[in-house]
Amino acid sequence: MTNKSLPIRSILLAYALFASVGTAFAQNDSTVQTPVVSDTAKSSLSKPKHPLSIALVYEFSDLSSRNLETNMSRNGKRYNVDMEVSHMFGVNGQYSYNDWISFFGLLGYRQASIDYTPRNRAEKEETMTSHNIFLQLGAEIGFRILTAKNYQFRALGFAGLVGGLNLIDDYYMSSPLFGYVRGIGVQLNIRHIFILGGFRSTHVYWHTYHSDHWGEDDYEFMADFDLMSSPFVSIGIGF
């Protein structure tokens, strides 16, 4: 009788042991709960730490004759025109709606040197200077490539509209200017400071008509050009 009851007791003892271990694990699991993130916390995760920023921008501009179209005439005389542009510099302000979408405004300045010569006869080439003051407004879309505690690395693309004034030494030719800009870049954020670099392409157009204003001195000038894939760099601070 004693020998037959030994296996039964062993089975009951083993069952009790497994039951007690299982109960302990169940109690332990019940005390460890998955943290619940509130809706407010979730929304804050998608908002940048410094949504507002201001930066200095410098663009290395180069105008190719293939991307330049001009039309200049005065008193019925037509001119051949050649133009060179300086590099652009400006101040950029930006508001980041979230980690993906931002809006920017850039106030910039660029100078152009315009050489012109009459087509129908050989005369001395003349030169005048154009001062372009313009505002660019647009949107930017970017995404994170690498994120750590104190820095972030992003890739981005942007596009916007351009409007401003074309002020030339010869007051006949001063006029509004219009265009658009698009580009791509990469941005490194280190705490409050960021460095942005990439390529911008800008289309600019201006056209003046002064026959109604200056009587016999019938003057017309048009410039339509593209600054393609111009490298640029920007350094700024977020707050």
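Scroll up for the structure.
Residues numbered from 1 in each chain as written. Predicted model: local features only at pLDDT ≥ 70, side-chain atom pairs only at ≥ 80, totals over all residues. Heavy atoms only, no water.

J.: Just to check I follow, could you spell out the overall build of the protein for this structure?
T.: Summing up its helical and strand segments, the protein has 2 helices and 10 strands in all. Moving toward the C terminus, one meets the helices and strands of the protein in the order α-α-β-β-β-β-β-β-β-β-β-β. Nonlocal contacts in the protein, meaning residues at least 24 apart in sequence, comprise 66% of its contacts between residues at least 6 apart. Accessible surface, the protein: about 15000 Å² in total, of which carbon and sulfur atoms supply 62%. (Helix = DSSP H or I, 4+ residues; strand = E, 2+ residues; numbered from the N terminus. Contact = heavy atoms within 4.5 Å. Areas by Shrake-Rupley, 256 points an atom, 1.4 Å probe, with all protein chains shown as cover.)

J.: How do you make sense of the nonpolar core when you look at a structure like this?
T.: Soluble globular proteins tend to bury their nonpolar side chains together. With 32 residues, the main nonpolar core has M72, M83, I114, M128, W206, F221 and F225 as its most contacted residues. For this core, the secondary-structure elements that each account for two or more residues are β2 (68-74), β3 (77-85), β5 (101-118), β6 (126-147), β7 (151-168), β8 (175-190), β9 (193-209) and β10 (219-238). If you tally residues by element for this core, the top one is β10, at 6 residues. If sequence neighbours within four positions are ignored, F221 has contacts with N71, M72, V81, I114, M173, W206, H207 and T208. (Core = buried A, V, L, I, M, F, W, Y, C linked by side-chain atoms within 4.5 Å. Buried < 20%, exposed > 50% of the residue type's maximum accessible area, 1.4 Å probe, protein only.)

J.: Looking at this model, I keep getting lost on empty space enclosed by the protein. Mind explaining?
T.: It is the rolling of a water-molecule-sized probe over the atoms that shows where space remains empty. Summed over all chains, the structure comprises 1 cavity of 30 Å³ or more. What the largest cavity holds in volume is close to 150 Å³. The wall of the largest cavity is formed by 13 residues, among which N92, Q94, L196, R200 and F232 lie closest to the centre. If you list the elements that add at least two residues to the lining of the largest cavity, you get β1 (52-59), β4 (88-96), β5, β9 and β10. The greatest single-element share of the lining of the largest cavity, amounting to 3 residues, is contributed by β9. A breakdown of the residues in the lining of the largest cavity according to their chemical character gives 8 nonpolar, 3 polar and 2 charged. (1 Å grid on protein atoms, 1.4 Å probe; cavity = no way out; pocket = protein on both sides within 12 Å on 5 of 7 lines; lining within 4 Å. Points joined across faces, edges and corners; volume = space filled by probe spheres on them. Nonpolar A, V, L, I, M, F, W, Y, C, P; charged D, E, K, R; others polar.)

J.: Would you mind showing me how to read the pattern of salt bridges here?
T.: When charged atoms on two side chains of opposite charge get close, those side chains can pair. One pass over the structure, following the stated rule, counts 4 salt bridges. Notably, a salt bridge pairs R110 with E59, separated by 2.8 Å at the nearest N-O pair. Here R110, found in strand β5, pairs with E59, found in strand β1; they are 51 residues apart in sequence, far enough to count as distant. With respect to burial, R110 and E59 carry one shared label: buried. As a salt-bridge pair, R144 and D99 come within 2.5 Å of each other at their nearest N and O atoms. In this pair, R144 is assigned in strand β6 and D99 in the loop between β4 and β5, connecting sequence segments 45 residues apart. Residue R144 is classed as partly exposed on the basis of its relative accessible area, which comes to 38%. (Salt bridge = Lys/Arg side-chain N within 4 Å of Asp/Glu carboxyl O.)

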